[in-house]
Amino acid sequence: MDILSFIFNIRAEPMILIGTAAASFIAIAHGFTWDDILKSICDKISEALPVILIVASIGFLIGSWMVSGTIPMMIYYGLKLINPQYFYISAFLLGALISVCTGTSWGSIGTVGIAMIGVAIGLNVSLPIAAGAIVSGCWFGDKLSPVSDSTNMAALAAGVNLHSHIGHLLWTTGPGFIVCSVIYSYMGMGIDASISTPENIVNLMTSIGHLYNFNLLLLLPPAIVLYGSLSKKPPIPMLFLSTIVSMILALTFQGFSASSVGESVVSGFKLSMVEGVNVASLSSDISRLLERGGAISMFSSFVTVFSAFSFAGAMSATGSLHTVIHALTKGVKSTFRLVATTILTTFTICACTANGTLPLLLCGDAFKDEYKKRGLAAKNLSRTTEDAGTVVEPIIPWSASGVYCATMLGVSTLDYLPWAILCYTGIIFALLLAVTGIGIAKCQSDETSENIAEHQL
């Protein structure tokens, strides 16, 4: 559907809403009333409320981390400590670290990704390899972050506990991480370690140092998020706690006014909030690097969730979505073929809609009964939709993530595709696990959709 959107430069969401309207008219033609369709749509959208809360919380979090100096400090010391010979592996690991803390691959690409590409240009290393390492790291961290909107969507759509979903993802992303680490380390061995830090990076670090006062307490907000993840606490309270702590740190150490801190949390950080600093004298890349975050910046994710769940609701009113899935899975007798069918369906939806989030929502809802019927835990489904959906999206040239990464990093999608190793190893390991039966969890009866939703909230 969205290959047409790519050709004609139309967003996926309007196309999905057109599909929703078409599904509604078909339902009415088959005797369903508008009240039946509206109830089905509202029921589906109500399932998305935990995801919407997570998305809004992430926007608040990034804005507060930016104004407090937490993210800038991570970038500053990450750049300062990088050894040229370990550039590729450093880009991969730094992207993973920032992404797992912030829960946003796009945010990480737009911050540390831009900075690392600047380093790569100054060191005269391969930009496709550098971009591939950055993309792999950012998407690895995103998938394992409890504050990632797409990770929460995948778990919720399949009816899985969030932390159970993240733990199960390690079966495919873990080996991918090892493969990436080995290849990026090997590729960096030929870089001349005597090359000095390029001038543009020195200027960037100097500018960041002028804007913020760094100290160890600025690591407290990500420490709160990591603690919540390791102790399996509900993410939303931990996100709000981290946001509040960040706002206090911004007021205490950075000297921002209360109105500026509030504005950063809601609308995103702006350099104009900094008093007593000549913004024109700063590095030219500083605004693109730091002006991020805010709940309003997450509005596009709200629209995506609303559109996808509206479509699923309209399709569910007549049972047509499950009819399609039944036709796809008819004759599928083995776990391997079920997983392969899920991968093919998820990837096709991702490629056709140019959006990695939509297949999580649509396939998670549509396939979960089929997995349950075959005695397979729903976390197998949520993991597979991640491996073939959001993780693959940045290497699809016309996808939202593919276009975004190519624009931000200045490297075409097809050029960095071979080096974005993590983006395709997930599918490979998912199929291997399905063949061997290793890492395939059986259905458990002690976890219901109700306690899953309660735990996530």
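Look a little higher up for the structure.
Rules behind the numbers
- Residues numbered from 1 in each chain as written.
- Predicted model: local features only at pLDDT ≥ 70, side-chain atom pairs only at ≥ 80, totals over all residues.
- Heavy atoms only, no water.
- Helix = DSSP H or I, 4+ residues; strand = E, 2+ residues; numbered from the N terminus.
- Contact = heavy atoms within 4.5 Å.
- Areas by Shrake-Rupley, 256 points an atom, 1.4 Å probe, with all protein chains shown as cover.
- Phe/Tyr/Trp six-rings, centres within 6.5 Å; stacked < 30°, edge-to-face > 60°.
- Axes fitted to C-alpha atoms, helices over the stretch in contact; angles between N-to-C directions.
- Left-handed = near helix turned anticlockwise from the far one by under 90°.
- Nonpolar A, V, L, I, M, F, W, Y, C, P; charged D, E, K, R; others polar.
- Buried < 20%, exposed > 50% of the residue type's maximum accessible area, 1.4 Å probe, protein only.
- Polar contact = N/O pair within 3.5 Å; in protein donor to acceptor, adjacent residues only side chain to side chain.
- Arc of directions from axis to C-beta.
- Core = buried A, V, L, I, M, F, W, Y, C linked by side-chain atoms within 4.5 Å.
- Patch = residues over 30% accessible without salt bridge, like charges linked within 9 Å, V, L, I, M, F, W, Y side chains within 5 Å.
- Salt bridge = Lys/Arg side-chain N within 4 Å of Asp/Glu carboxyl O.

### Observations concerning the overall build of the protein chain
Stage number 1. Of the regular secondary structure elements, the protein chain holds 24 helices and zero strands.
Stage number 2. Of all intrachain contacts in the protein chain linking residues separated by at least 6 positions in sequence, the fraction that spans at least 24 positions is 80%.
Stage number 3. When the accessible surface of the protein chain is totalled, it reaches about 18400 Å², and 67% of it is carbon and sulfur.

### Some points on the packing of aromatic side chains
Stage number 1. Throughout the structure, instances matching the rule amount to 12 aromatic pairs.
Stage number 2. Every member of this aromatic cluster is reached through a ring pair, and the members are Tyr-76, Tyr-77, Tyr-212, Phe-214, Phe-256 and Phe-269.

### Observations concerning the packing of helix 13 (residues 235-254) against helix 14 (residues 258-267)
Stage number 1. Two numbers describe how helix 13 lies on helix 14: the axes approach to 10 Å, and their chain directions differ by 145°. The handedness of the crossing between helix 13 and helix 14 comes out as right-handed. On the side of helix 13, the interface is formed by Thr-243, Met-247, Ala-250 and Leu-251, while helix 14 contributes Ala-258, Val-261 and Val-265.
Stage number 2. The residue makeup of the contact of helix 13 with helix 14, split by class, is six nonpolar, one polar and no charged.

### Remarks on the side chain of Thr-413
Stage number 1. Structurally, the position occupied by Thr-413 is in helix 22 (residues 413-416).
Stage number 2. Thr-413 gets classed as buried once you look at its relative accessible area, which sits at 6%.
Stage number 3. Only 3.2 Å separates the side chain of Thr-413 from the backbone oxygen of Gly-402, close enough to count as a polar contact.
Stage number 4. Here Thr-413 is in contact with Pro-394, Ile-395, Ile-396, Pro-397, Gly-402 and Ala-406, once residues within four sequence places are set aside.

### Focus on the side chain of Thr-384
Stage number 1. Examined against the element boundaries, Thr-384 turns out to sit in helix 20 (residues 378-388).
Stage number 2. Thr-384 sits in the buried class, given a relative accessible area of 2%.
Stage number 3. In contact with Thr-384, other than residues within four places in its own chain, are Val-339, Thr-342, Ile-343 and Tyr-371.

### What about helix 21 (residues 400-409)?
Stage number 1. If you check which residues of helix 21 are buried, you get Ser-401, Gly-402, Tyr-404, Cys-405, Met-408 and Leu-409. Taken down its axis, helix 21 places every buried residue within 165° of arc, on the same side.
Stage number 2. In the segment just after helix 21, Gly-410 is the residue with positive phi, at about 70°.

### Examining the nonpolar core
Stage number 1. Counting 124 residues, the largest nonpolar core has Leu-79, Phe-87, Ile-109, Met-116, Val-135, Phe-269 and Leu-290 as its most contacted members.
Stage number 2. A total of 10 residues in this core trace back to one element, the largest contributor, which is helix 6 (residues 87-102).
Stage number 3. With six residues, the next largest nonpolar core counts Ile-224, Met-238, Val-245 and Leu-249 among its residues.

### Observations regarding a nonpolar patch on the surface
Stage number 1. On the surface, a cluster of nonpolar side chains totalling about 430 Å² of accessible area is made up of Phe-25, Ile-28, Trp-34 and Leu-38.
Stage number 2. Relative to the helices and strands, Phe-25 is located in helix 2 (residues 12-29).
Stage number 3. Owing to a relative accessible area of 62%, Phe-25 belongs among the exposed residues under this scheme.

### Some points on the pattern of salt bridges
Stage number 1. Overall, the coordinates contain five salt bridges when judged by the stated rule.
Stage number 2. Connected via shared salt-bridge partners are Asp-142, Lys-143 and Glu-386.

Spatial relationships are all this shows, so hold off on functional conclusions.
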